[in-house]
Amino acid sequence: MEKPFVVTEGMRPEESFVVPLNDAHEKRVYDTRYLFLLTFSTTPSSKGETNHPSQKINATKSFLCQVIKFNLPESLLLNLSLTMVRFTLIAVSSLLATVQAAQNLRAPELTKNGRKLSYQYITNYEPRSQVTDHNALDLDQKVIEEQIALQNENSFARARDVYEQGGHSKSYAKLKITSGNKPNVSDGTLFTGTDMSGRPVTGKVYESSTSPSDELRLQYSTSDIQSSYVGCQVGALVPTGNHNTAGCFKATGTVSNVPGVTTDLDYTYEPEQDNLNGRTIKGFSTAVRPRMLECPKCPYPDAKFFVDYYGDSDYADKWITASFTGGRTNFSSGRGNADFSTYSLTGRGEGAKKGTAYMAIFMYVIREFEDALDDCQSNCIACNDDPVHAWDEGVAFYSGSLEGRDGSAPGLLLHELADKRCANFNTCIDVNDSKSAVNDQLTDLFVVGQSQLLSGRCEEARNTKNKIVDLMYVPLIQGTIRYAYRVGEQAGGEKEKAEGAVFAASVLPRIHAASSSAADLIYNNMRVGAASTDFKAIKKAFESVYDKLNIKCSDVGGLLSPEGGYF
């Protein structure tokens, strides 16, 4: 027997209510003033357990809804516990929607101003904007690691080129105009042409104010589908064989202003040379000063920790470049230096590939969350699209595209690191020891922060950001402790020493801000060329500052022995 589901007007925090879920664990709730999108995804309550359909969820977000009735089978009504669900709330003003009863519970696709309101999940997080192009930055990391694995100077040079020039994110073409000068068009103006496969391709004007008068730069349009987000991927990829020109503008042709009635331009260019990338991993490091220290609401606290420690805003680039070339970092402060001339390609490769992910990308993830808060407008619904987009970018850079919708596939960025380290420190939440408590908490916080931004609760979102950043340091601490043990207690070789050094480099500035003596001890034991490594002293130094880092011993866990005990 079917019974109606009712969302009552005047819903308040801490009230319990029943939500219908479909196979994808989603239910959309509408009212005539705002669209509220509540997404619930069940998670394991503990190792080996799954959530029972009759557990309760408490509403913790205060909002008003009109009475909406859905004729649903009673068997599809599930109660879930707040501790066992993730939820997001999106409010969009001036939108009317109707919901019809349906057995499959699927709502119609909705748009606002032509913008889609549902996007592909990123490791269990649903963005509210298109970030497929940002999410693909981990494909650069993938090529970098593949080239480093070849272990020769030529492959290291190719890896460095990809680090510096990119190949997969923010692809754009430099077209040389052959029919007069380019028109006076602003960035974002759309042009369409034909790609190398004979299909239509579009791009928006990019860097119009700085490009030559006979050059039109068009950034390729991207799609909402991660697997086919863009058809032109070149940059520094040609020597590696990973390039894709099928969706690039053909070598000679005509581009027309969209909708195609104002401007037609003839052009020529070299597809394998003139398709470049405006987003690179190196750019994340060199952007620290303008985007994290000198912007209107800067400096951002964590960026300042690192610059204060190393003395240079491009500290990550200095570390990564020294790793690639076998040189010295020469940080201005004199702290945290590394001389990679003492390492072979094995150690240099570890310094480079972990430096890109855990130093350069790490800080830019935080930058995106900070940027979202800078633009947040308090107590305003439907005016925080830009902050939410920045927040979505932060999650995209944290996770990357390789791990997919649910994070079950192998990745190469920070999300993957957290899941790897949990097995070493007994902080996983699943029976397979593959899902970390850190990522479980972060996913909840990503969703909560998104909701707070959407509803204009900016100060609450700032508190959420602070919790996120605190947790992001945990896998870096775990990595340092793990390799301290492998070097100090197991006589690890160059590879283990290099891994320990780069993990330490990625977290030392935060430790130094809490205790300079703790940071000095960790550095002296973990640095490139350290005479010895005292595992117990390093572990104790980290533990001495956990309270100042706003984390607990239980967040980090303990390094497990093969027998299941703790070292």
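As shown above, the structure is provided for reference.
What counts, and at which threshold
- Residues numbered from 1 in each chain as written.
- Predicted model: local features only at pLDDT ≥ 70, side-chain atom pairs only at ≥ 80, totals over all residues.
- Heavy atoms only, no water.
- Disulfide = S-S within 2.5 Å.
- Helix = DSSP H or I, 4+ residues; strand = E, 2+ residues; numbered from the N terminus.
- Buried < 20%, exposed > 50% of the residue type's maximum accessible area, 1.4 Å probe, protein only.
- Polar contact = N/O pair within 3.5 Å; in protein donor to acceptor, adjacent residues only side chain to side chain.
- Pairing = 2+ DSSP bridges.

**Student:** I tried to follow the state of the cysteines on my own but got confused; where do I start?
**Tutor:** Tallying each qualifying case throughout the model produces five disulfides. The residue that forms a disulfide with Cys-232 is Cys-248, at a sulfur-sulfur distance of 2.0 Å. Every disulfide takes its handedness from the sign of the S-S torsion; for Cys-232 and Cys-248 that torsion is 90 degrees, giving right-handed. Of this pair, Cys-232 sits in the loop between strand S15 (215-220) and strand S16 (252-257) while Cys-248 sits in the loop between S15 and S16; the two residues are 16 residues apart in sequence, bridging distant segments of the chain. The exposure class assigned to Cys-232 is buried, which follows from its relative accessible area of 1%. Assessed through its relative accessible area of 0%, Cys-248 is described here as buried. Two residues, Cys-422 and Cys-428, share a disulfide whose sulfurs are 1.9 Å apart. Here the disulfide of Cys-422 and Cys-428 is right-handed, its torsion about the S-S bond being about 90 degrees. Looking at Cys-422, the relative accessible area reads 1%, which means it is buried.

**Student:** Which parts of the structure should I look at to understand the side chain of Asn-277?
**Tutor:** Among the secondary structure elements, Asn-277 is positioned in strand S18 (residues 275-277). With relative accessibility at 9%, the residue Asn-277 sits in the buried group. Separated by 3.1 Å, the side chains of Asn-277 and Ser-171 make a polar contact. There is a polar contact of 3.4 Å between the side chain of Asn-277 and the backbone nitrogen of Gly-235.

**Student:** Just to check I follow, could you spell out unusual backbone geometry for this structure?
**Tutor:** Note: most residues except glycine have negative phi, and most peptide bonds are trans. Put simply, Cys-298 and Pro-299 share a cis peptide bond, and its omega is 5 degrees. With respect to the helices and strands, the residue Pro-299 is situated in the loop between helix H5 (288-293) and helix H6 (301-310). Non-glycine residue Asn-124 carries a positive phi angle of around 70 degrees. Even without being a glycine, Asn-330 presents a positive backbone phi close to 55 degrees.

**Student:** In this structure, what is going on with the pairing of strand S17 (residues 264-268)? I would like to understand it.
**Tutor:** Both faces of the sheet carry side chains from a regular strand, because those side chains alternate between them. Here S17 shows one buried face, formed by Leu-265 and Tyr-267, and one open face, formed by Asp-264, Asp-266 and Thr-268. Sheet topology note: the strand S12 (residues 171-177)/S17 ladder contains two bridges and is antiparallel. Each bridged residue has a counterpart across the sheet, and for Ile-177 the counterpart in S17 is Tyr-267. Sheet analysis places S16 next to S17, joined by five bridges and oriented antiparallel. If you follow Gly-253 over to S17, its bridge partner there is Tyr-267.

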